[in-house]
Amino acid sequence: MSINDLDDYPWDKVTPYRERAEQHSGGICDLSIGSPTDPTPQIIRDALVEATDAHAYPTAAGSPEVRAAIRSWYARRRGVTGLTDNNVIPTIGSKELVALLPTLLGLGEGDVVVHPRAAYPTYEVGARVAGAAPVAAADPDEWPEGTKLVWINSPGNPDGRVRGVAELRRAVERAREIGAVIASDECYAELGWDAPWDTETIPSILDPRVA
Ligand SMILES: Cc1ncc(COP(=O)(O)O)c(C=O)c1O
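Residues numbered from 1 in each chain as written. Predicted model: local features only at pLDDT ≥ 70, side-chain atom pairs only at ≥ 80, totals over all residues. Heavy atoms only, no water.

### Looking at a nonpolar patch on the surface
For clarity, the threshold we go by: Two distance rules govern patches: like charges are joined within 9 Å, and nonpolar side chains (Val, Leu, Ile, Met, Phe, Trp, Tyr) within 5 Å, applied only to residues with over 30% relative accessible area and no salt bridge. Reported accessibility uses the Shrake-Rupley method at a 1.4 Å probe radius. Residues are deemed covered only where the shown protein chains occlude them. In the sections that follow, a salt bridge refers to a side-chain nitrogen of Lys or Arg positioned within 4 Å of a carboxyl oxygen of Asp or Glu. Strands here mean DSSP runs of E at least two residues long; helices mean DSSP runs of H or I at least four residues long; both are numbered from the N terminus.
Taken together, the side chains of Ile43, Ile44 and Leu48 make up a nonpolar region of the molecular surface, amounting to roughly 330 Å² of accessible area. Position of Ile44 relative to the elements: it lies in helix α2 (residues 42-50).

### What to know about the site of the ligand
Defined as follows: Being near a molecule or strand, for a residue, means having at least one of its heavy atoms within 4 Å of it. N or O atoms closer than or at 3.5 Å make up a polar contact, with two conditions inside protein: a donor-capable atom paired with an acceptor-capable one, and, for residues adjacent in sequence, both atoms drawn from side chains. Residues are grouped as follows: Ala, Val, Leu, Ile, Met, Phe, Trp, Tyr, Cys and Pro are nonpolar; Asp, Glu, Lys and Arg are charged; all remaining types, including Gly, are polar.
Neighbouring residues of the ligand: Gly93, Ser94, Lys95, Tyr120, Tyr123, Asn153, Asn157, Asp185, Cys187 and Tyr188. The backbone of Ser94 places a nitrogen or oxygen atom 2.7 Å from an oxygen atom of the ligand. Tyr188 is positioned such that a nitrogen or oxygen atom in its side chain is 2.6 Å from an oxygen atom of the ligand. With the chains in place, 68% of the 390 Å² that the ligand exposes on its own is no longer accessible. Of the residues in the shell around the ligand, the class split is four nonpolar, four polar and two charged.

### What to know about the domain arrangement of the protein chain
Put simply, the rule reads: Domain borders in the structure are assigned automatically or taken from a domain database. Here, two residues are considered to be in contact whenever any of their heavy atoms come within 4.5 Å of each other.
Structurally, the protein chain comprises domain 1 (62-91) and domain 2 (93-211). Spacing between the C-alpha centres of domain 1 and domain 2 amounts to 20 Å. In this complex, domain 1 contributes eight residues to the contact, which on the side of domain 2 involves 14 residues. Taken together, the connections running from domain 1 to domain 2 amount to two salt bridges. Among the ionic pairs, Arg78 bridges to Glu186, the shortest N-O distance being 2.8 Å. Where domain 1 packs against domain 2, one counts five residue pairs in polar contact (both at pLDDT 80 or more).

### Notes on unusual backbone geometry
In most cases, non-glycine residues show a negative phi, while peptide bonds are predominantly trans. For the peptide bond that leads from Ser154 to Pro155, omega is -10°, which places it in the cis range. Along the chain, Pro155 falls in the loop between β3 (149-153) and α6 (165-178).

### As for the packing of aromatic side chains
Put simply, the test is: What counts as a ring pair is set by centres within 6.5 Å for rings of Phe, Tyr and Trp (its six-membered ring), and what kind of pair is set by the plane angle: stacked under 30 degrees, edge-to-face over 60, tilted for all other angles.
Per the stated rule, a full pass over the model turns up three aromatic pairs. For the pair Trp73 and Tyr74, a centre-to-centre distance of 5.1 Å together with 80° between the ring planes defines the contact as edge-to-face. Ring pairs connect the aromatic residues Tyr120, Tyr123 and Trp151, which therefore count as one cluster.

### Considerations on the sheet that holds β3
As a reminder of what qualifies: Two strands pair if DSSP finds at least two bridges between them. Here an angle of 0 to 180 degrees is reported between the N-to-C directions of two axes, which are lines fitted to C-alpha atoms, with helices fitted over the stretch in contact.
Strands sit in the order β2-β1-β3-β4 across an open sheet of four strands; the sheet is parallel. With one partner strand each, in any of the chains shown, β2 (133-136) and β4 (181-185) form the two edges of the open sheet. Across this sheet, the average inter-strand angle for adjacent strands is 20°, counted without regard to direction. In this structure, strand β1 (residues 112-115) lies alongside β3, joined through two bridges in parallel fashion. What sits directly across from Val113, in β3, is Leu149. In the packing of helix α4 (residues 94-104) onto the sheet, contacts are made with β3 and β4, and the angle to β3 comes to roughly 165°.

### Concerning the pairing of β4
Convention followed: If the strands point away from the viewer and the path from the first strand over the helix to the second runs clockwise, then the crossover is right-handed.
For β3 and β4, the ladder comprises five bridges, and the chain directions are parallel. Considered in β4, the bridge of Asn153 is made with Asp185. Where the polypeptide runs from β3 across α6 and back to β4, its parallel neighbour, the crossover connection is right-handed.

### Looking at the pairing of β2
In this structure, β1 lies alongside β2, joined through four bridges in parallel fashion. Looking at the pairing, Val114 lines up with Val135 of β2. Crossover connection from β1 via helix α5 (residues 122-130) to parallel β2: handedness right-handed.

### Brief notes about the pattern of salt bridges
Stated formally: Exposure classes here rest on a 1.4 Å probe applied to the protein chains alone. A residue is buried below 20% of its type maximum, exposed above 50%, and partly exposed in between.
This structure, assessed with the given rule, holds 13 salt bridges. The partner of Arg71 in a salt bridge is Asp85, with the nearest N and O atoms 2.8 Å apart. Of this pair, Arg71 sits in helix α3 (residues 64-78) while Asp85 is found in the loop between α3 and α4, placing the two residues 14 residues apart along the sequence. For the salt bridge of Arg128 with Glu124, the shortest nitrogen-to-oxygen distance reads 2.9 Å. You can see Arg128 and its partner Glu124 sitting in helix α5, four residues apart, about one turn around the helix. When its relative accessible area of 31% is taken as the criterion, Arg128 is described as partly exposed. One connected set of salt bridges, linked through shared partners, spans Asp141, Glu145, Arg170, Glu173, Arg174 and Glu177.

And the structure:
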């Protein structure tokens, strides 16, 4: 398996269907790529402008200020306290880590990487880049013995499914049973619109009630 054997990205695969659908009157409702369209808030633009005098290579681990800000966000917004600098590392986007994690863990031929059934496609791509076998399975009881890495995603893309504390505990238990690393992609954690998640924090896998 090499990088040249990767399948087309799903957006490319749906292009012919989109072209066909667009020929119908009324066209299509295109939900394929959710690219941000809102203006960048001024506070972010100002912070970016102010930070441009950064004339040195950044450290991979991030500056002490960045790491402290990440820890403090976890405590304030995710109910996760007790993190140390050794528990956090910034990435440029979550895609970078999702695509690289199987390779960074040294996975390869014969190793299984589990990801949700309807899922962000990069979980599968990352497994394939490492030469491992992706398996789509949402329910922890379906995760095969010997799996090396499990991705969970709550709230889920594209289904919006939120895993509560009990479900997350079960996921962690099952990963421990089969000896898998469990990676929880929580990039939509602050988008809880429906009850109870509009008032209650969407649980993190690092929540003390979970792990
Ligand atoms: C579930 C999920 N994880 C990760 C990403 C990657 O996000 P980014 O690289 O913009 O941080 C996306 C983007 O669509 C996503 O839907």
